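Here are the chains, one letter per residue:
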Amino acid sequence: MPTKITLQLNAQRDFRMPRFTGHVARAMALHMIRMADPARALALHQLDVLKPFTVEPLYFKSKERYADGYLADCSSPCRMVIKVLDDSIVQDVVACVSSPGIAMIRDCEMQIGEIRVEQRGYGELGGRFGAAIAGEGHLKFGMRFETPTLFAVKGARYYSLFPEPELALMNLLRVWNKFSGKRASKDEISAFRGWVRRRVGVIGYELSVQRIMVERAKARSGFTGWVKYEMADREYAGRVAELLDFAEYSNIGKDRTAGFGVARAWMGQREARPGYEKNART
């Protein structure tokens, strides 16, 4: 079942962090899995395979800011969030962080303090939007993209930097189909795609694009901000609700395992808030 594992990490000294820490968090998560199950960790390193886990960039208090990053203040805990879609990996991560209770961020040893595990069954997802699904008239929903987000487009040379309804919802459905155990058939997928194209549109957005440095000195662009959609009927409102809820565990788009595409969703008449969290720290 979708699981969010939040770790509190305490350092003995201040330490340097890059501007974007998603890749650092992913390396830490894979190290934890490798300590518990080396074979599984090796499988998770395969390219072009949907992965059953994601992370959020590390949250920390910065003491100084540099051109290429920050100096993290050791007087405040660093927070790490690992989101897992496979129950067996949850067991691996929890077993690893419970003993010996130490993690490494680059060359800095971190003591693992509080561990919080939140789980929801796939059958529960979308339930919090029940009132919106049962309403009348046109239905609005939205997403707030808290970390840089981009979409791969089949056959295209460039990534898309706008969350068109089909790109966003079909990306989520692909991951859902892989891990939920509630797999949609090809015919169901085709029907849903057609409905999204015809009956779902963007009615408002506030997005900005930023270019960030990631691992091995590569740069990547992604958008952050919010977008508001509307669907003309409720034929697939339940499916949309499931996917919106699922996005908070799966992330969305390319490089979702490295902290890209962290998203929060809403459904109903509530307006999307124009503000959003910065991606690297609190």
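Conventions we followed
- All residue numbers here refer to positions counted from 1 along the written sequence of the relevant chain.
- Only residues with pLDDT of at least 70 are given local features in this predicted model, and only at 80 or more are side-chain atom pairs given and counted; all residues enter the totals for whole chains, interfaces and linings.
- Hydrogens and waters are ignored; side-chain quantities use all the structure's heavy atoms.
- Paired strands are those between which DSSP finds at least two bridges.
- Put simply, DSSP H or I for four residues or longer makes a helix, DSSP E for two residues or longer makes a strand, and each gets a number counted from the N terminus.
- Note on definitions: angles span 0 to 180 degrees between N-to-C directions of axes, and those axes are lines fitted to C-alpha atoms, for helices only across the stretch in contact.
- Contacts are assigned to residue pairs that have any heavy atoms within 4.5 Å of one another.
- Any pair of Phe, Tyr and Trp rings, taking the six-membered ring for Trp, is counted once the centres come within 6.5 Å. Such a pair is stacked with planes under 30 degrees apart, edge-to-face with planes over 60 apart, and tilted for the rest.
- Note on classification: 1.4 Å probe, protein chains only; a residue is buried when its accessible area is under 20% of the maximum for its type, exposed when over 50%, partly exposed between these limits.
- Two conditions define a charge sitting above a ring: the NZ of Lys or the CZ of Arg must be within 6 Å of the ring centre, and it must be within 35 degrees of the ring normal.
- Our working definition of a disulfide is a cysteine sulfur pair at a distance within 2.5 Å.
- Note on terminology: a nonpolar core comprises buried Ala, Val, Leu, Ile, Met, Phe, Trp, Tyr and Cys residues joined through side-chain atoms within 4.5 Å.
- Reported orientations rely on four angle classes, namely roughly parallel under 35 degrees, roughly antiparallel over 145, roughly perpendicular from 65 to 115, and oblique for the rest.
- Gly counts as polar in this scheme, as do all residues outside two lists: the nonpolar Ala, Val, Leu, Ile, Met, Phe, Trp, Tyr, Cys and Pro, and the charged Asp, Glu, Lys and Arg.
- The span expected for a helix works out to 1.5 Å for each residue beyond the first.

K.L.:
Looking at this structure, how should I read the sheet that holds strand β1 (residues 3–11)?
P.N.:
Within a beta sheet, neighbouring strands are joined by backbone hydrogen bonds and run either parallel or antiparallel to one another. Across the sheet, which stays open at both edges, the five strands sit in the order β3-β6-β1-β8-β7 with antiparallel pairing between neighbours. In this open sheet, the two strands that pair with only one neighbour each are β3 (53–55) and β7 (102–105). The average angle at which neighbouring strand axes cross in this sheet is 35 degrees, direction not considered. Pairing between β3 and strand β6 (residues 78–84): three bridges, direction antiparallel. Each residue of the ladder has a partner; that of Phe53, found in β6, is Val84. Together, β1, β3, β6 and β7 form the strand contacts of helix α1 (residues 22–36), whose direction differs from that of β3 by roughly 135 degrees. Where helix α7 (residues 237–250) meets the sheet, it contacts β1, β3 and β6, and its direction lies at approximately 30 degrees from that of β1.

K.L.:
Where do I start with the packing of aromatic side chains in this structure?
P.N.:
With the rule as written, the count across this model stands at twelve aromatic pairs. Considering the side-chain rings of Phe60 and Tyr70, the 6.0 Å spacing of their centres and the 70 degrees angle between planes classify their relative orientation as edge-to-face. Of this pair, Phe60 sits in the loop between β3 and β4 (62–66) while Tyr70 sits in strand β5 (residues 69–72), and the two are ten residues apart along the sequence. You can call Phe60 buried: its relative accessible area is 2%. By relative accessible area, Tyr70 is classed as buried at 4%. Ring geometry for Phe162 versus Tyr205: centroids 5.0 Å apart, planes at 80 degrees, classification edge-to-face. Here Tyr205 lies in strand β10 (residues 200–213) and Phe162 lies in the loop between β9 (139–149) and α5 (165–179), a separation of 43 residues in the sequence. Counting every residue linked through ring pairs, the aromatic cluster contains Tyr122, Trp176 and Phe246. The lysine or arginine in question, Lys4, covers the ring of Tyr249, its NZ or CZ lying 6.0 Å from the ring centre. The ring centre of Tyr66 lies 3.9 Å from the NZ or CZ of Arg16, which sits over that ring.

K.L.:
Please explain the state of the cysteines as it appears in this structure.
P.N.:
Each disulfide consists of one covalent bond between the sulfur atoms belonging to two cysteines. A full pass over the atoms with the stated rule returns zero disulfides. Cys78 forms no disulfide, and the closest cysteine sulfur to it belongs to Cys108, at a distance of 9.4 Å. For Cys78, a relative accessible area of 2% gives the class buried. We classify Cys108 as buried; its relative accessible area is 1%.

K.L.:
Would you take a moment to explain the nonpolar core for this structure?
P.N.:
Across soluble globular proteins, nonpolar side chains show a tendency to be buried alongside one another. One finds Phe141, Met143, Phe192, Met231, Val240 and Met267 to be the most contacted residues of the largest nonpolar core, which totals 40 residues. At the level of secondary structure, the elements contributing two or more residues to this core comprise β9, α5, α6 (186–199), β11 (219–231), α7 and β12 (263–267). Setting aside anything within four residues of it in sequence, one finds Phe192 in contact with Leu169, Met170, Leu173, Tyr236, Arg239, Val240 and Leu243. Ranked by size, the runner-up nonpolar core spans 34 residues in total, among them Ile33, Phe53, Leu58 and Val90.

K.L.:
I keep staring at the packing of α5 against α7 and nothing clicks. Help me out?
P.N.:
Between two packed helices, both the angle of their axes relative to each other and the distance between the axes serve to describe the pair. The N-to-C vectors of α5 and α7 enclose an angle of 75 degrees; their axes lie 9 Å apart at closest approach. Taken together, α5 and α7 sit at an angle that is classed as roughly perpendicular. Between α5 and α7, the residues in contact are Leu169, Leu172, Leu173, Val175 and Trp176 and Arg239, Val240, Glu242, Leu243, Phe246, Ala247 and Ser250, respectively. Of the residues contributing to the contact of α5 with α7, the split by class is nine nonpolar, one polar and two charged.

K.L.:
How should the pairing of β4 be read in this particular structure?
P.N.:
Looking down a regular strand, the side chains alternate between one sheet face and the other. Both β4 and β5 contribute to a ladder of four bridges, which runs antiparallel. From the neighbouring strand, Tyr66 faces β5, where its bridge partner is Gly69. Taken together, β4 and the strand that follows it, β5, pair antiparallel across an intervening segment of two residues.

K.L.:
I would appreciate a short explanation of α6 in the present structure.
P.N.:
Because an α-helix packs 3.6 residues into every turn, residues spaced three or four apart end up facing the same way. Between its first and last C-alpha, α6 extends 20 Å over 14 residues, near the 20 Å set by a 1.5 Å rise per residue. Within α6, the full set of buried residues consists of Phe192, Gly194, Trp195 and Val196. Where the residues of α6 are buried, they touch α5, β10, β11 and α7.

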